[in-house]
Amino acid sequence: MKDNRVGVGIVGAGSIGIRGALNHLVLPDAQERVRIAAICDPVIGRAEAAAEKYGASAGYLTYEELLADDGVDVVTLCSPIGLHHDQGMAAIAAGKHVHFNKTMCTTLDEANDLIDAAQARGVKLVASPGVMAHPHAQRMRRAVLEERLGQLIWAMAGSSGVAAYHLNEKLRQGDDILSNIDPSWYYKRPGGGPLFDSTVYSMHYLTGIVGPAKAVTAMSGLAIPVREFRGRQIECEMDDNTFMLLDFGQAFYAVGFGTPHGVLQRGAEPYIYGTQGAILQAALGEQSLRRDDDVAPFVTPEHRALGESHVYSDLMQLVDWASGGPRPFGTAEHARHVIEIFDAAYRSSASGQTQTLQSTFEPVPLERLAALD
Ligand SMILES: NC(=O)c1ccc[n+]([C@@H]2O[C@H](COP(=O)([O-])OP(=O)(O)OC[C@H]3O[C@@H](n4cnc5c(N)ncnc54)[C@H](O)[C@@H]3O)[C@@H](O)[C@H]2O)c1
């Protein structure tokens, strides 16, 4: 039964479909805005089990059935990253608004396709991670714009160790259909590897704070070719060790990385060094840029306590936008630029040549940024 609420279709009832979408969407404040219209998953019994547990109107085995469901207004893609381009294109063709769990797709061409198709069809796209929705990220950008760091000199934005994290997620260790979720795709092509999965947060922060990059050079390879999951071997295909050098112009450079071991940077927030100051671990010198009451849009204490509330925030910003609200922070254009950086890094590694970037985006304007003091 349709009502005035926005109908959300959850595509993939795996780790983030459950932890980032369903666990949040059943809370009363979400239910005022949203109906859980349908869930789909190709693992037999998973969508039905999730639909029953979370009170969805329908559980389907195929994505085509979900797209054909008139009760679905918005889809949230919670499937493996390598599927996102084709699933996004199909949703757009069906006239549904689309929330992409990071990452939106894996190449610049795919990102261009999605943005062009959505514009032509008049549907809205939001791409996680919408990190610039966080007030501390906005203060970092304001500090840069107000030249509190002086002239920017270099920065670092990356992640390490996330491959092992996915092997050990709790929802993958059980025996029932909602807790035996196979993580193999995180190590396969296309869509696997730490850049699309994890460095994507740091790179959205960095480019969201300082603006778009101009060129990338990189070295990349597969360091650990076999992983073990619950006594079974996973043959890894995708690079797991990538180091990038980014050129932002005016001799301002950044190191980007996704690597299986070691710690270069604490947290996902980049380190940024200027002639007169630095931002490290979201602090400008001695001044923390975080506040106790900082929250992303739509995140109440109940949502925060559940974890993965940034995913819920991005999805609800799309729901709100589709209902006449403001444009969300997680724009498809920003995601496209970050995707091009990774796409270019892999091409640079393969060719030995620096890659000039083609895409750009409008960073969050000053008037939308949280105050510094
Ligand atoms: N796990 C995390 O910590 C986390 C956090 C934030 C975002 N994400 C993002 O969420 C997305 C999914 O990641 P995950 O960890 O939940 O993966 P997962 O492997 O836990 O779950 C993916 C689910 O998608 C299903 N699926 C496979 N093919 C499908 C298809 N054609 N149509 C619909 N469903 C299909 C699988 O059966 C599985 O149930 C990725 O984009 C990932 O980057 C994951």
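Residues numbered from 1 in each chain as written. Predicted model: local features only at pLDDT ≥ 70, side-chain atom pairs only at ≥ 80, totals over all residues. Heavy atoms only, no water.

### Regarding the overall build of the protein chain
On a plain count of helices and strands, the protein chain comes out with 12 helices and 17 strands. Here the C-alpha atoms of the protein chain give a radius of gyration of 20 Å, agreeing with the 21 Å that 2.2 N^0.38 yields for 373 residues. Each principal axis of the C-alpha distribution contributes one length, and for the protein chain these read about 60 × 45 × 40 Å. Taken across its 373 residues, the protein chain has 57% of its residues classed as buried. Counted over contacts in the protein chain with a minimum sequence separation of 6, partners at least 24 positions apart contribute 71%. Approximately 15,500 Å² of the protein chain is accessible, and the part contributed by carbon and sulfur atoms is 52%. Seen as two clouds, the 31 positive and the 44 negative side-chain charges of the protein chain have centres 2 Å apart. (Helix = DSSP H or I, 4+ residues; strand = E, 2+ residues; numbered from the N terminus. Rg over C-alpha atoms; globule rule 2.2 N^0.38 Å. Buried < 20%, exposed > 50% of the residue type's maximum accessible area, 1.4 Å probe, protein only. Contact = heavy atoms within 4.5 Å. Areas by Shrake-Rupley, 256 points an atom, 1.4 Å probe, with all protein chains shown as cover. Lys, Arg positive; Asp, Glu negative; His and termini not counted. Charge placed at Lys NZ, Arg CZ, Asp CG, Glu CD.)

### So, the domain arrangement of the protein chain
With domains assigned, the protein chain is organised as domain 1 (6–127) and domain 2 (131–292 + 330–368). A separation of 24 Å is found between the C-alpha centroids of domain 1 and domain 2. At the junction of the two partners, domain 1 supplies 28 residues and domain 2 supplies 26 residues. Taken together, both faces of the contact between domain 1 and domain 2 bury some 2,300 Å²; the carbon and sulfur share is 69%. Its largest share of buried area at the contact with domain 2, domain 1 owes to Arg 46, Lys 102 and Leu 108, together 26% of the area lost on that side. On inspection of domain 1 and its partner domain 2, the count reaches 2 salt bridges. For the pair domain 1 and domain 2, the number of links is 9 residue pairs in polar contact (both at pLDDT 80 or more). When contributions to the side of domain 1 that touches domain 2 are tallied by element, the ones reaching two or more residues are α1 (15–25), α3 (46–54), α6 (108–121) and β6 (125–127). Looking at side-chain class alone, the side of domain 1 that touches domain 2 contains 16 nonpolar, 8 polar and 4 charged residues. (Domains from an automatic or database assignment. Buried area = accessible area lost by both parts, 1.4 Å probe. Salt bridge = Lys/Arg side-chain N within 4 Å of Asp/Glu carboxyl O. Polar contact = N/O pair within 3.5 Å; in protein donor to acceptor, adjacent residues only side chain to side chain. Nonpolar A, V, L, I, M, F, W, Y, C, P; charged D, E, K, R; others polar.)

### Here we look at the site of the ligand
Around the ligand there are 30 residues in total, and Ile 16, Asp 41, Arg 46, Lys 102 and Tyr 186 lie nearest to it. Contacts to the ligand include Ser 15, whose backbone N or O atom sits 2.9 Å from an oxygen atom. Within the side chain of Gln 87, one N or O atom sits 3.0 Å away from a nitrogen atom of the ligand. Relative to its unbound accessible surface of 820 Å², the ligand loses 91% to contact with the protein. Where the shell around the ligand is concerned, the elements lending two or more residues are α1, α5 (84–93) and α8 (162–168). Its residues assigned to classes, the shell around the ligand shows 14 nonpolar, 8 polar and 8 charged. Shared between two domains, the shell around the ligand holds at least three residues of each, these being domain 1 (6–127) and domain 2 (131–292 + 330–368). (Near = heavy atom within 4 Å.)

### Looking at the pattern of salt bridges
Under the criterion given, the structure shown has 17 salt bridges. Linking Arg 139 and Asp 294 is a salt bridge whose minimum nitrogen-to-oxygen distance equals 2.9 Å. Of the two residues, Arg 139 is situated in helix α7 (residues 135–145) and Asp 294 in the loop between β16 (287–288) and α10 (301–306); the sequence distance between them amounts to 155 residues. Look at Arg 139 and you get buried, because its relative accessible area is 6%.

### Side note on the packing of helix α9 (residues 194–210) against helix α12 (residues 332–351)
The relative placement of two packed helices comes down to the angle between their axes together with the axis-to-axis distance. Contact geometry for α9 and α12: axes closest at 10 Å, N-to-C directions at 120 degrees. One finds that α9 runs oblique with respect to α12. Between α9 and α12 the crossing geometry is right-handed. Residue-level contacts link Leu 195, Phe 196, Thr 199, Val 200, Met 203, His 204, Thr 207 and Gly 208 of α9 to His 334, Ala 335, His 337, Val 338, Ile 341, Phe 342 and Tyr 346 of α12. Of the residues assigned to the contact of α9 with α12, the class counts are 9 nonpolar, 6 polar and no charged. (Axes fitted to C-alpha atoms, helices over the stretch in contact; angles between N-to-C directions. Parallel < 35°, antiparallel > 145°, perpendicular 65-115°, else oblique. Left-handed = near helix turned anticlockwise from the far one by under 90°.)

### A look at the sheet that holds strand β7 (residues 152–160)
The strand order β16-β15-β14-β13-β7-β12-β11-β8-β17 describes an open sheet built from 9 strands, whose pairing is mixed. The two strands at the open ends of the sheet, each matched to only one other strand, are β16 and β17 (355–356). Here β7 pairs with strand β12 (residues 253–259) via 7 bridges, running parallel. Of the residues in β12, the one forming a bridge with Ala 157 is Gly 256. Contacts from α9 reach β7, β11 (241–247), β12 and β13 (271–274) within the one sheet, and its direction differs from that of β7 by about 155 degrees. (Pairing = 2+ DSSP bridges.)

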